[in-house]
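Summary of the model geometry
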Amino acid sequence: MASSLSMQTGRLTSQPIGHYEFCKQYAAECKAVNGSGAAPKVTDHGWEVVGEINRAVNFSVMPRTDLELYGKEEVWAYPDVAGDCEDYVLLKRRMLIERGFSAADALITVVRKPDGEGHAVLTLRTSQGDFVLDNLVDEVKNWRDTPYSYLKRQASNNSGRWVTIENGSELLVGALK
């Protein structure tokens, strides 16, 4: 049961270009990570913190495209007042780490929405499964309870490396049968 509640990661894969550029500016956030063993148990208080951060960032950041903000595609940056999906993710990740969560468990994840559009969410690894913080939804949900096809995420042992998600499209395939 636990295996279906958690993502099964596979081989190393390409780092998104926006994350590569982000890592050039914030090298300390894209390095080997300690504590990438078993996913931790999150306390009731911890879940309150996770929910608060997800809602607070969703509320405080206005959705804007990189083209609108920077005049170009794919800029990953901490948002001031506006940003796109990966900007929300970066801020949520930083806030979770500041509140005591491990960088090994707060992982930027690339998904495909049902309409085929690419999207970024934050995955929180826990002993209860992998949970998603998403700028499109205020509720933190188990990844299996979202409409996405999961493609890749940061490696839990190195924030600058990315791995494939092997069981990320099982639900979409199963839904078509």
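Report follows, based on the coordinates. What you see as residue numbers is a count from 1 along each chain, following the sequence as written. Where totals are concerned, whole chains, interfaces and linings use all residues; where local detail is concerned, this predicted model gives features only for residues with pLDDT of at least 70, and gives and counts side-chain atom pairs only at 80 or more. No hydrogens and no water enter the side-chain calculation; it runs on all heavy atoms of the structure.

1. Considerations on the overall build of the protein
The helix count covers DSSP runs of H or I at least four residues long, the strand count covers runs of E at least two residues long, and both are numbered beginning at the N terminus. For the protein, the count of helices and strands is 6 helices and 9 strands. Taken along its principal axes, the extent of the C-alpha atoms in the protein is 45 × 40 × 30 Å. Exposure classes here rest on a 1.4 Å probe applied to the protein chains alone. A residue is buried below 20% of its type maximum, exposed above 50%, and partly exposed in between. Out of the 177 residues in the protein, the part that is buried amounts to 48%. Contacts are assigned to residue pairs with any non-hydrogen atoms lying within 4.5 Å of each other. Restricting the contact set of the protein to residue pairs at least 6 apart, pairs at least 24 apart contribute 61%. Working definition of accessibility: Shrake-Rupley area with a 1.4 Å probe, residue cover restricted to the visible protein chains. Here the protein has roughly 9200 Å² of accessible surface; of this, 53% comes from carbon and sulfur atoms.

2. A short note on the side chain of Lys92
Mapping Lys92 onto the fold places it in helix H5 (residues 85-98). Only four residue types enter the charge count: Lys and Arg as positive, Asp and Glu as negative, with His and the chain ends excluded. Definition used for salt bridges: Asp or Glu carboxyl oxygen within 4 Å of a side-chain nitrogen of Lys or Arg. For the buried Lys92, which has no salt bridge, the nearest side chain bearing the opposite charge is Asp134, at an N-O separation of 6.1 Å. Setting aside its immediate chain neighbours within four residues, Lys92 contacts Ile53, Asn54, Val57, Asn58, Leu122, Leu133, Asp134 and Asn135.

3. Observations concerning H5
Over its 14 residues, H5 runs 20 Å from end to end, which matches the ideal 20 Å to within 8%, given 1.5 Å per residue. Of all 14 residues that make up H5, 10 are buried, and the element is covered over most of its length. Among the residues of H5, those classed as buried are Cys85, Glu86, Asp87, Tyr88, Val89, Leu90, Leu91, Lys92, Arg93 and Leu96. Expected span of a helix, by definition, is 1.5 Å for each gap between consecutive residues, and there is one gap fewer than residues.

4. Focus: unusual backbone geometry
The phi dihedral of Glu74 falls on the positive side, at around 55°, and the residue is not glycine. On the basis of relative accessibility, which here comes to 36%, the residue Glu74 falls in the partly exposed class.

5. Topic: the state of the cysteines
A covalent bond between the sulfur atoms of two cysteines is referred to as a disulfide. Note that a disulfide, as used here, is simply two cysteine sulfur atoms within 2.5 Å. By the definition in use, this model includes 1 disulfide. With a sulfur-sulfur separation of 2.0 Å, Cys23 is cross-linked through a disulfide to Cys30. In this structure the cystine formed by Cys23 and Cys30 twists about its S-S bond by roughly -80°; its chirality is therefore left-handed. As a non-bridged cysteine, Cys85 has Cys23 as the owner of its nearest cysteine sulfur, 16 Å distant. The buried category is assigned to Cys85, whose relative accessible area is 15%.

6. Remarks on the nonpolar core
Put simply, a nonpolar core is a bunch of buried Ala, Val, Leu, Ile, Met, Phe, Trp, Tyr and Cys residues held in one set by side-chain atoms that sit within 4.5 Å of each other. Residues Val50, Leu96, Phe101 and Leu133 are the most contacted members of the largest nonpolar core, which totals 28 residues. Secondary-structure elements contributing two or more residues to this core are helix H2 (17-25), helix H3 (44-60), H5, strand E4 (106-112), strand E5 (118-126) and strand E6 (129-134). Counting residues in hydrophobic clusters, the runner-up holds 8 residues, among them Met7, Val132, Tyr148 and Tyr150.

7. Here's the deal with the pairing of E4
Sheet faces and side chains relate simply in a regular strand, where the side chains alternate between the two faces. Where burial is concerned, most of E4 is hidden: 6 out of the 7 residues are buried. Where E4 lies against E5, 7 bridges are found, and the strand directions are antiparallel. Counted as the bridge partner of Leu107 is Thr123 from E5. Where E4 hands over to E5, the hairpin turn is made up of 5 residues, of which Gly116 adopts a positive phi near 95°. Two strands are said to pair when DSSP picks up at least two bridges between them.

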